[in-house]
Amino acid sequence: MVSTVTVMGMVFTMLVCTVAPLLTLAFLKSRKRAPILYFVIGVVMHLLFVMVAERFFLDLLLASAPGIAQDPVLRSFLEALFVLVFEGGEFALILHIFRENIVRGSRPLQFAAGHSFSNAVLSSGLSNITYFTVANMVSTQGREFMTQGLSGAELDSMNSMLDYVQGDFLPFYLDGVNQLSMMFLYGCLAVLLWMAMSSRLPRWWAAVALGAFFLQRLVLSLGNNGALSPLWMVSAIALGLMIIAVVVTRQIYLKKEGRHSDMEDRVRRLPMRH
């Protein structure tokens, strides 16, 4: 039997991974007129840069240097570094390519929402769907039904999963919180990079955005690899970094874009000379 509280945690994370980015897509499209194309580009680029390139080179490195995989701190640092290089590079590349078409922060946010959607579904959403399915089967047919006919590694794997879904409920909620904090930080990264690359901010703000992005992912990687505990503290640190990033990004954006809009209005009011 799997507790209702645990199942609700799975549902919470599934909703965060799927509904939150799609609601962002709908809001930015309807209220800010950000084209859906940017969302689609975010999904496609995530698949190319993360699921293909980043995973390939990280797995290659870990396979060639087994000692790294056995050191949780070093592995966490390299995972965060690969995220910084590949995902930060992905954001910078797209924002550079579309720099002439981006005049408001809603378009970088739309791109970030697409990237977040793909990342959340593939890294957490699908696994929680599996957990949810297993939990329902355990609750209706019993643990013995799930393990019958299995042996060796398959039996060990199934027992590990069953122990996980029948254990502490907190990780399922923290998973959703972590995904949500990553989504917001993706948005901050996109907006600050765009503003720095379009000369709305000094260039060093790009380094600040990338540094905050790296730090958050390092904390989460340390938690995932068991180098930092308890898990609630890992999520709390990541959430705190996200809140700071959101507050700073919002203040800077409102200040800079408000001034930019005022200048555009003044230009429009200038008398035309013939």
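Cut-offs and rules
Residues numbered from 1 in each chain as written. Predicted model: local features only at pLDDT ≥ 70, side-chain atom pairs only at ≥ 80, totals over all residues. Heavy atoms only, no water. Core = buried A, V, L, I, M, F, W, Y, C linked by side-chain atoms within 4.5 Å. Buried < 20%, exposed > 50% of the residue type's maximum accessible area, 1.4 Å probe, protein only. Helix = DSSP H or I, 4+ residues; strand = E, 2+ residues; numbered from the N terminus. pLDDT = per-residue confidence, 0-100. Contact = heavy atoms within 4.5 Å. Salt bridge = Lys/Arg side-chain N within 4 Å of Asp/Glu carboxyl O. Axes fitted to C-alpha atoms, helices over the stretch in contact; angles between N-to-C directions. Left-handed = near helix turned anticlockwise from the far one by under 90°. Nonpolar A, V, L, I, M, F, W, Y, C, P; charged D, E, K, R; others polar. Parallel < 35°, antiparallel > 145°, perpendicular 65-115°, else oblique.

1. Notes on the nonpolar core
- Formed by 34 residues in total, the largest nonpolar core has its most connected members in Phe91 and Phe111.
- Where this core is concerned, the elements lending two or more residues are α2 (36-64), α4 (72-97), α5 (106-141), α8 (170-197), α9 (204-224) and α10 (231-269).
- Considering each element in turn, this core owes the most residues, 12 residues, to α8.
- Listed in part, the 11 residues of the second largest apolar core include Met10, Ala135, Leu162 and Val165.

2. Quick notes on the confidence of the model for the protein
- When pLDDT is averaged along the protein, the result is 92, and 94% of the positions lie at 70 or above.
- With pLDDT under 50 throughout, residues 261-270 is counted as low confidence; its partners more than four residues away or in other chains account for 2 contacts.

3. Considerations on the pattern of salt bridges
- Scanning the entire structure with this criterion turns up 4 salt bridges.
- One salt bridge connects Arg217 with Glu87, and the closest N-O pair in it is separated by 3.9 Å. Of the two residues, Arg217 sits in helix α9 while Glu87 sits in helix α4, which places them 130 residues apart along the sequence.
- For Arg217, a relative accessible area of 12% translates into the label buried.
- The class for Glu87 is buried, based on a relative accessible area of 0%.
- For Glu257, the salt bridge identified is with Arg200, shortest N-O distance 2.9 Å. Of the two residues, Glu257 sits in helix α10 while Arg200 sits in the loop between α8 and α9, which places them 57 residues apart along the sequence. Assigned by exposure class, Glu257 and Arg200 land together as buried.

4. Digging into the packing of α2 against α4
- The contact between α2 and α4 brings their axes to 10 Å, and the two run at 150°. In this structure, α2 crosses over α4, and the sense of that crossing is right-handed. Seen from α2, the contacting residues are Ile41, Gly42, Met45, His46, Phe49, Val50, Ala53, Glu54, Phe57, Leu58, Leu61 and Leu62; seen from α4, they are Arg75, Leu78, Glu79, Phe82, Val83, Phe86, Glu87, Gly89, Glu90, Leu93 and Ile94.
- Within the contact of α2 with α4, the residues separate by chemical class into 15 nonpolar, 3 polar and 5 charged.

5. Here's the deal with the packing of α5 against α8
- Where α5 contacts α8, the axes come no closer than 8 Å and their chain directions differ by 165°. When the axes of α5 and α8 are compared, the pair comes out roughly antiparallel. Between α5 and α8 the crossing geometry is right-handed. Residues Pro108, Leu109, Ala112, His115, Ser116, Asn119, Ala120, Ser123, Ser124, Asn128 and Tyr131 of α5 form the contact with α8, whose own contacting residues are Phe172, Asp175, Gln179, Met182, Met183, Tyr186, Gly187, Ala190, Val191 and Trp194.
- Of the residues belonging to the contact of α5 with α8, the class tally is 12 nonpolar, 8 polar and 1 charged.

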